[in-house]
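Topology and contacts: notes
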Amino acid sequence: MTVSDRYRTSWDGFWEQSSGEPGEPFWDADPALTAARDLPRLTPYADPALPIADLGCGNGTQTRYLATRFPRAVGVDLSAAAVAHARRADPAGTAAYEQLNLADADQAQARALHVRLGDSNVYMRAVLHQSDPEDRPAVAAAVAALVGARGRALVLEPTGDAKRVIAAIAGRPGGPSPKLRRVKEHDLRPGEVAEGEVGALLRAAGLTVLAEGPTTLVMSENLADGSPVELPARWFVAGRA
């Protein structure tokens, strides 16, 4: 089984056993706490007339919000089951959804999407840490292929401190929550992106990091006091200078 096959098997298994409802996955927080909060970091650098591609869109929760802010939004995901959920959740066709392997070494699928969309803005939230280290350059290359000459990418990734937050949640009385247990049951393997790695990957793909800073990634899981889990993270805006 190739790495891509393993990814696809694990993610299809996860999404096939999901209802597709927003908030069911651990990371699938309300767009008001995620994409809406993230976009102000992108907009000073991005052309709002360009389309936007949501990479690793899952059930399309964030894609549907992005479609209200850009003239065209396309969500892409490795999992056919995820894409099916996204389409069912969007009967009006607010956005489009496609299956696409970001870790494809020759980038044929990303280049084909770029041909159809033209230069695009990109939103990619917590995808690199779900990719094996040897596949991360290909994911960064897919981002570069989609932004082309004029697009801008907003890339957000949890930092190493996120593991400690997750470990604390998993260690609560009663053990991991059902949302966290499902991550393990389906062999989803959140890894760690080393400090400086995201910027280095983007630069190696031919992009310039235009801005970056600390942030948190809000999850759909809540703490005991009812507030949402937030994972320490870092954001990057990148494009061709």
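Let us look at the structure shown here.

Analysis parameters
Residues numbered from 1 in each chain as written. Predicted model: local features only at pLDDT ≥ 70, side-chain atom pairs only at ≥ 80, totals over all residues. Heavy atoms only, no water. Pairing = 2+ DSSP bridges. Helix = DSSP H or I, 4+ residues; strand = E, 2+ residues; numbered from the N terminus. Axes fitted to C-alpha atoms, helices over the stretch in contact; angles between N-to-C directions. Contact = heavy atoms within 4.5 Å. Buried < 20%, exposed > 50% of the residue type's maximum accessible area, 1.4 Å probe, protein only. Parallel < 35°, antiparallel > 145°, perpendicular 65-115°, else oblique. Left-handed = near helix turned anticlockwise from the far one by under 90°. Nonpolar A, V, L, I, M, F, W, Y, C, P; charged D, E, K, R; others polar. Right-handed = clockwise from strand over helix to strand, strands pointing away. Salt bridge = Lys/Arg side-chain N within 4 Å of Asp/Glu carboxyl O.

We now examine the sheet that holds strand β7 (residues 228-239). With respect to topology, seven strands assemble into an open sheet ordered β3-β2-β1-β4-β5-β7-β6, the strand pairing being mixed. Among the strands making up the open sheet, the edge pair consists of β3 (96-99) and β6 (208-222). Recorded for the sheet is a direction-independent mean angle of 20° between the axes of neighbouring strands. Strands β1 (52-55), β4 (121-125) and β5 (152-158) of the sheet are contacted by helix α6 (residues 136-147), whose axis makes an angle of about 155° with β4.

Attention now goes to helix α9 (residues 197-204). If you check which residues of α9 are buried, you get E197, V198, G199, L201 and L202. Buried residues along α9 sit against α6, β5, β6 and β7. Backbone geometry just downstream of α9 places G206 in the positive-phi region, at approximately 95°.

The next point concerns the packing of α6 against α9. Where α6 contacts α9, the two axes come as close as 8 Å, and the packing angle between them is 60°. Judged on the interaxial angle alone, α9 and α6 are oblique. Considering the relative orientation of α6 and α9, their crossing is right-handed. On the side of α6, the interface is formed by R136, P137 and A140, while α9 contributes E197, L201 and L202. By residue class, the composition of the contact of α6 with α9 is four nonpolar, no polar and two charged.

For strand β2 (residues 73-77), the tally of buried residues reaches five of five residues, placing the bulk of the element in the interior. Side chains A73, G75 and D77 project from β2 onto one buried face, and the interleaved V74 and V76 project onto a second face that is buried too. Both β1 and β2 contribute to a ladder of four bridges, which runs parallel. Paired with L55 across the bridge in β2 is V76. In this view, the connection linking β1 to its parallel neighbour β2 by way of helix α3 (residues 61-66) has right-handed handedness.

On to the pattern of salt bridges. Inspection of every chain in the model, using the stated rule, returns eight salt bridges. Between E230 and R37 there is a salt bridge whose closest N-O contact spans 3.8 Å. Taken as a pair, E230 in strand β7 and R37 in helix α2 (residues 35-42) lie far apart in primary sequence, 193 residues in all. According to the relative accessible area criterion, E230 is partly exposed, its value standing at 36%. A salt bridge links E212 to R234; its shortest N-O distance comes to 3.0 Å. In this pair, E212 is assigned in strand β6 and R234 in strand β7, connecting sequence segments 22 residues apart. Among the residues examined, R234 registers a relative accessible area of 32% and is labelled partly exposed.

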